[in-house]
Amino acid sequence: MFLGQEMFATVVRATPLISLDFIVENASGACLLGKRLNRPAQGWWFVPGGRIQKDETLQVAFERLTETELGLRLPLSAGQFYGVWQHFYDNNFSEADFSTHYVVLGFRLKVNQADLRLPDSQHGAYRWLTPESLLASDDVHDNTRAYFLAERQVGVPGL
């Protein structure tokens, strides 16, 4: 379901959004990060992911988002559920002054890096970093760092 910008702003202003984030790992154990082009988190290195749409099952959302974010349509069974997370941002997708709140379902994915067809609509560049490197990097967003810090998790893996 497509919402116009005004209706979507009303939703973001009033409710949390539900999204999927993908902790994508290659054969070397490095994780995929994209440099965000859009608000919130614009300019930060972040894991791929996106919102679940109304009336969209988790399986359909997973397939749509892996195709949109990775250029590789994957079934839900390809991911390992990693837990529930919360993301709070002081800004939102627009220039209006209100915050954004996400409830995020994290999934780990192991991929063949050569199979990915990374798009440029959400991220201006991509890089692969080991968990240690991304935790040490000043330009990786805290919400991405949290996936590698167990104490930041809201839910229990395997719920």
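Nothing here was measured: the structure is a model prediction, and the numbers come from that model.

It is worth spelling out helix α2 (residues 58-70) at this point. The α-helix advances 3.6 residues per turn, and as a result positions three or four apart in sequence lie on the same side. Between the first and last C-alpha of α2 there are 17 Å, a value that for 13 residues agrees with the 18 Å anticipated at 1.5 Å per step. Among all positions of α2, only A61, F62, E63, L65, T66, E69 and L70 are buried. On the buried face of α2, the contacting elements are β1 (17-25), β2 (31-36), β4 (49-51), β6 (100-110) and β7 (123-129).

As a rule of thumb, soluble globular proteins bury nonpolar side chains together. Membership of the largest hydrophobic core comes to 19 residues, with the highest contact counts inside it found for I23, L33, W85, L134, V140, Y147 and F148. Looking at this core, the elements that each hand over two or more residues are β1, β2, β3 (45-46), β5 (80-89) and β6. Per-element accounting of this core gives the leading share, three residues, to β5. Among all residues touching Y147, those that are not within four sequence positions of it are D21, I23, V47, Y82, W85, H87 and V104. One finds F22, V24, L74 and F107 within the second-largest nonpolar core, a separate group that totals 15 residues.

Attention now moves to the UniProt feature "binding site: Mg(2+)" (unreviewed entry) in the protein chain. Per the UniProt entry, the sites bearing "binding site: Mg(2+)" (unreviewed entry) are G49, E69 and Q122 in this numbering. With the annotated positions falling across 74 residues, the maximum pairwise C-alpha distance of 9.7 Å places them together in a single cluster. You can see E69 is positioned in helix α2. In this structure, E69 is in contact with P48, G49, L118, P119, Q122, H123 and Y126, ignoring residues within four places of it in sequence. Of the polar contacts made by the side chain of E69, one reaches the backbone nitrogen of G49; its length is 3.2 Å. Within the element layout of this structure, Q122 appears in the loop between β6 and β7.

We now examine the pairing of β6. In terms of strand pairing, β1 meets β6 through nine bridges, oriented parallel. Across the sheet, the residue bridging to F22 is F107, located in β6. Of the strand pairs in this sheet, β5 and β6 are connected by nine bridges, and their pairing is antiparallel. By the bridge assignment for β6, Q80 is matched with R108.

Our next topic: the UniProt feature "site: Critical for catalysis" (unreviewed entry) in the protein chain. The sites that carry the UniProt feature "site: Critical for catalysis" (unreviewed entry) are, in the present numbering, H123. Structurally, H123 can be placed in strand β7. A relative accessible area of 3% places H123 in the buried class.

One pass over the structure, following the stated rule, counts eight salt bridges. For E25, the salt bridge identified is with R108, shortest N-O distance 3.4 Å. With E25 in strand β1 and R108 in strand β6, the pair connects residues that are 83 residues apart, well separated along the chain. You can call R108 partly exposed: its relative accessible area is 22%. Three or more residues joined by partner-sharing salt bridges are found here, namely E25, R108 and K110.

Scoring rules and cut-offs
Residues numbered from 1 in each chain as written. Predicted model: local features only at pLDDT ≥ 70, side-chain atom pairs only at ≥ 80, totals over all residues. Heavy atoms only, no water. Helix = DSSP H or I, 4+ residues; strand = E, 2+ residues; numbered from the N terminus. Expected span 1.5 Å × (residues − 1). Buried < 20%, exposed > 50% of the residue type's maximum accessible area, 1.4 Å probe, protein only. Contact = heavy atoms within 4.5 Å. Core = buried A, V, L, I, M, F, W, Y, C linked by side-chain atoms within 4.5 Å. UniProt positions renumbered as here; feature names shortened; annotations may be inferred. Polar contact = N/O pair within 3.5 Å; in protein donor to acceptor, adjacent residues only side chain to side chain. Pairing = 2+ DSSP bridges. Salt bridge = Lys/Arg side-chain N within 4 Å of Asp/Glu carboxyl O.

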